[in-house]
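Tertiary structure, described
Each chain, letter by letter, is given below.
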Amino acid sequence: TNSSAHKQDLIGKQALERRQRALEEVRRAENSLNAAGRKCVAIDCEMVGTGERGRRSELARCSIVDVNGRCIMDQYVKPQNPIVDYRTRFSGIRPCHMKNAKSFRKVRRRVERVLNGALLVGHALRNDLSVLNLGHPKEDIRDSESCHRLRSVPGLDEAVTPSLKRLTRHHLGRIIQDGEHDSVVDASCSMELYRKFEKQWELDLQLKNADWLNDEFWPESISNCNSACASDSDDRSIA
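This write-up is about the structure you can find in this document.

Cut-offs and rules
- Residues numbered from 1 in each chain as written.
- Predicted model: local features only at pLDDT ≥ 70, side-chain atom pairs only at ≥ 80, totals over all residues.
- Heavy atoms only, no water.
- Helix = DSSP H or I, 4+ residues; strand = E, 2+ residues; numbered from the N terminus.
- Buried < 20%, exposed > 50% of the residue type's maximum accessible area, 1.4 Å probe, protein only.
- Contact = heavy atoms within 4.5 Å.
- Areas by Shrake-Rupley, 256 points an atom, 1.4 Å probe, with all protein chains shown as cover.
- 1 Å grid on protein atoms, 1.4 Å probe; cavity = no way out; pocket = protein on both sides within 12 Å on 5 of 7 lines; lining within 4 Å.
- Points joined across faces, edges and corners; volume = space filled by probe spheres on them.
- Nonpolar A, V, L, I, M, F, W, Y, C, P; charged D, E, K, R; others polar.
- Arc of directions from axis to C-beta.
- Salt bridge = Lys/Arg side-chain N within 4 Å of Asp/Glu carboxyl O.
- Pairing = 2+ DSSP bridges.
- Core = buried A, V, L, I, M, F, W, Y, C linked by side-chain atoms within 4.5 Å.

What about the overall build of the protein?
Along its length, the protein carries eight helices and seven strands. Within the protein, the fraction of its 239 residues that count as buried is 38%. Sequence-distant contacts, at least 24 apart, represent 57% of the contacts inside the protein between residues at least 6 apart. With an accessible surface of roughly 14500 Å², the protein has 48% of that area assigned to carbon and sulfur atoms.

Focus on the layout of surface pockets
The method is simple in principle: a probe with the dimensions of a water molecule rolls over the atoms, and the space it marks as empty is what remains. Size it by volume and the largest pocket reaches roughly 570 Å³. If you trace the largest pocket, you find 18 residues lining it, with Ile-141, Ser-146, Trp-201, Leu-205 and Lys-208 closest to the centre. When residues of the lining of the largest pocket are traced back to their parent elements, those giving at least two are α4 (125-132), β7 (141-143), α5 (148-151) and α7 (183-209). Put simply, the second largest pocket is a space of about 390 Å³. Along the walls of the second largest pocket sit 20 residues, with Asp-44, Cys-45, Glu-46, Met-47 and His-181 positioned nearest its centre. For the lining of the second largest pocket, the elements supplying multiple residues, two or more each, are β1 (40-50), α2 (88-91), α4 and α6 (164-172). Here the lining of the second largest pocket gets four residues from one element, more than from any other, and that element is β1. When the residues that make up the lining of the second largest pocket are grouped by side-chain class, the tally is six nonpolar, seven polar and seven charged.

So, α6
Taken together, the buried positions of α6 are occupied by Leu-164, Leu-167, Thr-168, His-171 and Leu-172. Seen end-on, α6 carries its buried residues on one side only, within an arc spanning 100 degrees. Two residues or fewer past α6, Gly-173 is found with a positive phi of approximately 70 degrees.

Side note on the pattern of salt bridges
As enumerated under the stated definition, the model contains 15 salt bridges in all. A salt bridge links Arg-56 to Glu-58; the shortest N-O distance between them is 3.9 Å. A relative accessible area of 45% means that Arg-56 is categorised as partly exposed. Three or more residues joined by partner-sharing salt bridges are found here, namely Arg-61, Asp-74 and Asp-182.

Brief notes about the pairing of β1
The side chains of a regular strand alternate, residue by residue, between the two faces of the sheet. Extensive coverage of β1 is indicated by the burial of 11 of its 11 residues. Residues Cys-40, Ala-42, Asp-44, Glu-46, Val-48 and Thr-50 line one face of β1 and the alternating positions Val-41, Ile-43, Cys-45, Met-47 and Gly-49 line the opposite face, and both faces are buried. Connecting the antiparallel pair β1 and strand β2 (residues 56-65) is a turn made up of five residues, with Gly-51 showing a positive phi of about 75 degrees.

Let's talk about the nonpolar core
In terms of nonpolar packing, the biggest core is built from 23 residues, with Val-41, Ile-43, Cys-45, Leu-59, Ile-64, Val-111 and Leu-132 touching the most fellow members. Listing elements by their share of this core, those giving two or more residues are β1, β2, β3 (71-78), α3 (104-115) and α4. Ranked by the residues each element gives to this core, the list is headed by α3, at five residues. Residues in contact with Val-41, not counting those within four places in the same chain, are Ala-29, Ser-32, Ile-64, Val-65, Ile-72, Leu-115, Ala-118, Leu-119, Leu-120, Val-121 and Met-191. Counting residues in hydrophobic clusters, the runner-up holds 22 residues, among them Val-121, Val-153, Leu-156 and Leu-172.

Set out below in structure tokens:
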């Protein structure tokens, strides 16, 4: 009986600790604000190979950092299928990391709470969101892979998608991914790139999303000309 009660107490304590950790993650994310006061976090994931010949990518580690690059969440994840290829050379994942890994379902739920309502920063985010089986509003995504200003790297054809490693070396003067990847470091570098170009990046998006077809964006003389041309066209049609 004492053993059973002790076990129940332990389970209850662990559940409480998990809940407190999840609440702390959400709190830290809510306090992570960009220059415009928007909730803003960066994410990076590491994958392992499952399925036939390890060709299917599944989540094995997920890291989220705040606007200052401080870690909000860093969690190893048990893939839903048996691991065939740890891809250690790139992922940095080893069998020992799976001993205390959490289930995909639980980690996905934690990530979803943290990302809710946030500007999401990262590199090639379609891969991270795909492996998490999550969506995110397109207007709230800041992907260093597709940012025109970041892609303007001397010696790099703009038609070529630059790697995070190359962008970090050129714009931040640092070397990363020199061997195994670290998702916390990669997420932090993505955030640092965003913060460095944040003002112009956000302005570019505002201009891109503006409705330039509205008359308010055109000189009055041009608007009057358009109206006159339309009226003249109607008169000819009647005639």
